[in-house]
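Structural overview for review
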Amino acid sequence: MTTEHGESTRHATVRAPAGDGAQVVRLEDAAVRVGERTLWSRANLDVRAGEFVAVLGPNGVGKSTMLQVILGAQTLAAGSVQVLGDPPGMHNDRIGYLPQRRNFDASIRIRGVDLVRLGLTGTRFGVSLPLRRAARERHRHERRRVQEMVDLVGAHAYAGRPIGQLSGGEQQRLLIAQSLVSGPALLLLDEPLESLDLPNQMAVADLVAEICRREGVTVMIVAHDVNPILAKLDRVVYIAGGQVVSGSPEEVINEQTLSRLYGTPVEVIRTTKGRLVVVGEPDVTHHHHGPHGEPLDDAHHHDAHHDAHHDAHHHDGARRPEEGRGSSST
Amino acid sequence: MSVPPILVPVVGLSANPLTDLRNLLSYPFMVNAFRAGAAIAVLASAVGWFMVLRRQSFVGHTIAVVGFPGAAGATLVGLSAFGGYFTFCFLAAVLIAVVPTTTGRAFSDENAVTGTVQALLLGFGFLFASLYGGNLNGIDALLFGNFLGISNGEVVILAVICVVTVAAIAVLWEPLLFASIDPAMAAARGVPVRGLGAAFLLLLGLAAAGASQMTGALLVFALLVMPAATVQQLTSRPALGLWMTLALAVVVTWAGLAVSYYSPYPIGFWITTIAFAGYLTSHLPGLVRQRSRRRRHRQQRP
Ligand SMILES: Nc1ncnc2c1ncn2[C@@H]1O[C@H](COP(=O)(O)OP(=O)(O)OP(=O)(O)O)[C@@H](O)[C@H]1O
Ligand SMILES: [Mg+2]
């Protein structure tokens, strides 16, 4: 099922190590069960250092759970997983993680910049008084690093304000800074673009891709809509119908592969702007009962995102190609 | 501590505040009260600062209420109320820490059950205190605070508990802050969020018991919540905020002690009132800013 990744890398020219760097995440014949239910099985995945990987699929198929597996918080029912060369959970200090949908209560009176700093110092027990030179040096270094990350995500203007009073998008930027501040080798982002408006989606996607390239960080990003990140992707992991497919975007997001995954014919349209639109994917994916595809009709157009139930918060113009770019969020 | 063994000297205020202060400190029981007050204020407000951040006020209050029948029961069987508070509050904290919760964070949404248990415990406390001899002063002291008759030994114990708690907070500072603000992320980074939560509950047990000694079981929030809530209005820097909270709590407690020495009302009432005044004052800058903004807004429109 895995399509080995190599020459077809989009950024092979820009990023030398992609595709032949060290192994960062490896799943072999992996299966995950929550309760009685098998979410997905026989997953094979091989993510190399420096790659930019999207994890796609409809709601509830186990995308977040895949990140949990990589963090060692969810055990496999079958198969094996290796992260940074070892069983998962052993190198979590080298993994940056952005959980899905995290909002801070308005009553929390802690500055954004403190939140970022905790990404660096929050695991450290003990008292570190800046008495010795070395300790002072380290303090200064940490402060500079935190400031660097805050600037990098463009949060300078509001990092000093209480985190609970910031907008969802502002919080999201600070959280990305937090997940980056410790200089991780692997960055796991669970729907980081979700609460952002379209220009900000593009900006944050560019930012993450830029960091991935510049600092050689491997990025796995769970996304709702592939289009903002499509141009930067080395690899796509697509979960649907209890199966996991991985490969280059072209190899995965095509009619043949997706129809096989969903077990029902789906159409993939490439708009003139280069956006991908998946048409006719089934609404519900209770794969263990067998996918019940619904008849193709125009009411079921979808972008290459997969949220039939949450249409309301995702309209980005290209969703319904026949309507052009005139819909709600633009 | 519930039954004051010392008669309160009836002293009026003089014209000179310095004389008053010297007067105040000429009594050993008053000196002990100030010492104990400082230790309790630091203990309670430091833990309280985290309690507010973690939004676990309900647990804090529950633990304090458990202390009431503990202290009353201890007096009834001839032991000290001091030990009764600490034993019961600490045991309550252990129990809460051990019993698994659905949400992972103790008592965040089990208000109905806890509320019921609280009512029952208050009832028992009242019963014990009545059995002791219908001494209503005793009940007042247990519920609303008392600063008389703190022994030298008790001051030492309070100081030790205070130092241990502050040291624990210093050592746990970064991870506890992380786990309190952002538990999901902290857990992913390998911070022992559950263990820290349990450890914090034990500290909260000590803090609630300590605060009860001064403010009474019902008014513990005067030291657990109010200083932290006040300082939150003034700064959102964590370390600075904690220091300011400690300082404010000590000032409020000492002021409460001084005032209640000259007044017939219980110490808990005075600490609460002074702390609340501070809380209101901390809102002033925000209110003024809002008003002037509104006025400016109005002026801009013709
Ligand atoms: N701890 C758990 N116990 C039981 N079921 C769980 C648990 N965690 C997740 N699940 C279930 O597993 C399924 C997959 O969850 P997951 O969060 O991985 O989905 P997802 O692909 O990330 O979906 P979304 O796009 O909505 O975020 C869901 O049906 C969810 O209800
Ligand atoms: Mg998810």
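Residues numbered from 1 in each chain as written. Chains lettered and ligands numbered in written order. Predicted model: local features only at pLDDT ≥ 70, side-chain atom pairs only at ≥ 80, totals over all residues. Heavy atoms only, no water.

All names here are of chain A. Here we have six strands laid out as an open sheet, ordered β5-β6-β7-β3-β8-β9, and mixed in their pairing. This sheet does not close on itself; its edge strands, each paired only once, are β5 (95–98) and β9 (243–247). Neighbour-to-neighbour, the strand axes of the sheet open up by a mean angle of 15°, direction not taken into account. The strands that helix α4 (residues 168–180) touches are β5 and β6 (186–190); relative to β5, the one it contacts most, it runs at about 165°. (Pairing = 2+ DSSP bridges. Helix = DSSP H or I, 4+ residues; strand = E, 2+ residues; numbered from the N terminus. Axes fitted to C-alpha atoms, helices over the stretch in contact; angles between N-to-C directions. Contact = heavy atoms within 4.5 Å.)

As for its position among the elements, S212 of chain B is in helix α9 (residues 193–215). If sequence neighbours within four positions are ignored, S212 of chain B has contacts with A64, Y85, A217 and V220 of chain B.

Another aspect to go through is the confidence of the model for chain A. All names here are of chain A. Mean pLDDT over chain A: 78, with 79% of residues reaching 70 or higher. Mean pLDDT across the secondary structure elements of chain A bottoms out at strand β12 (residues 301–303), with 44, and peaks at strand β4 (residues 78–83), with 95. The model gives residues 284–330 a pLDDT under 50, and that stretch makes 104 contacts with residues more than four places away or in other chains. (pLDDT = per-residue confidence, 0-100.)

What follows concerns the pattern of salt bridges. Residue and element names in this part refer to chain A. Tallying each qualifying case throughout the model produces 16 salt bridges over all chains. Put simply, R214 and E210 hold a salt bridge, and the shortest N to O gap is 4.0 Å. Here E210 and R214 lie together in helix α5 (residues 198–214), a separation of four residues that amounts to about one turn. Residue class for E210 comes out partly exposed when judged on its relative accessible area of 30%. For R275, the salt bridge is made with D225, and the minimal N-O distance between the two is 4.0 Å. With R275 in the loop between β10 (267–270) and β11 (276–279) and D225 in the loop between β7 (218–222) and β8 (235–240), this residue pair connects regions lying 50 residues apart in the sequence. Comparing R275 with D225 shows no difference in burial state: the two are buried. When salt bridges that share partners are traced, they join R26, E28, D46 and R48 into one network. (Salt bridge = Lys/Arg side-chain N within 4 Å of Asp/Glu carboxyl O. Buried < 20%, exposed > 50% of the residue type's maximum accessible area, 1.4 Å probe, protein only.)

This next bit is on the interface of chain A and chain B. Each partner contributes residues to the interface: chain A has 31 residues there, and chain B has 24 residues. Buried area between chain A and chain B, both sides added, is near 2,500 Å², and the carbon and sulfur share of it is 59%. If you sort the residues of chain A by the area they bury against chain B, R109, L118 and F125 of chain A come out on top, with a joint share of 24%. Between the two partners, chain A and chain B, sit nine residue pairs in polar contact (both at pLDDT 80 or more). Per-element tally for the side of chain A that touches chain B: the top contributor is helix α2 (residues 112–121) of chain A, with six residues. Of the residues contributing to the side of chain A that touches chain B, the split by class is 13 nonpolar, 10 polar and eight charged. (Buried area = accessible area lost by both parts, 1.4 Å probe. Polar contact = N/O pair within 3.5 Å; in protein donor to acceptor, adjacent residues only side chain to side chain. Nonpolar A, V, L, I, M, F, W, Y, C, P; charged D, E, K, R; others polar.)

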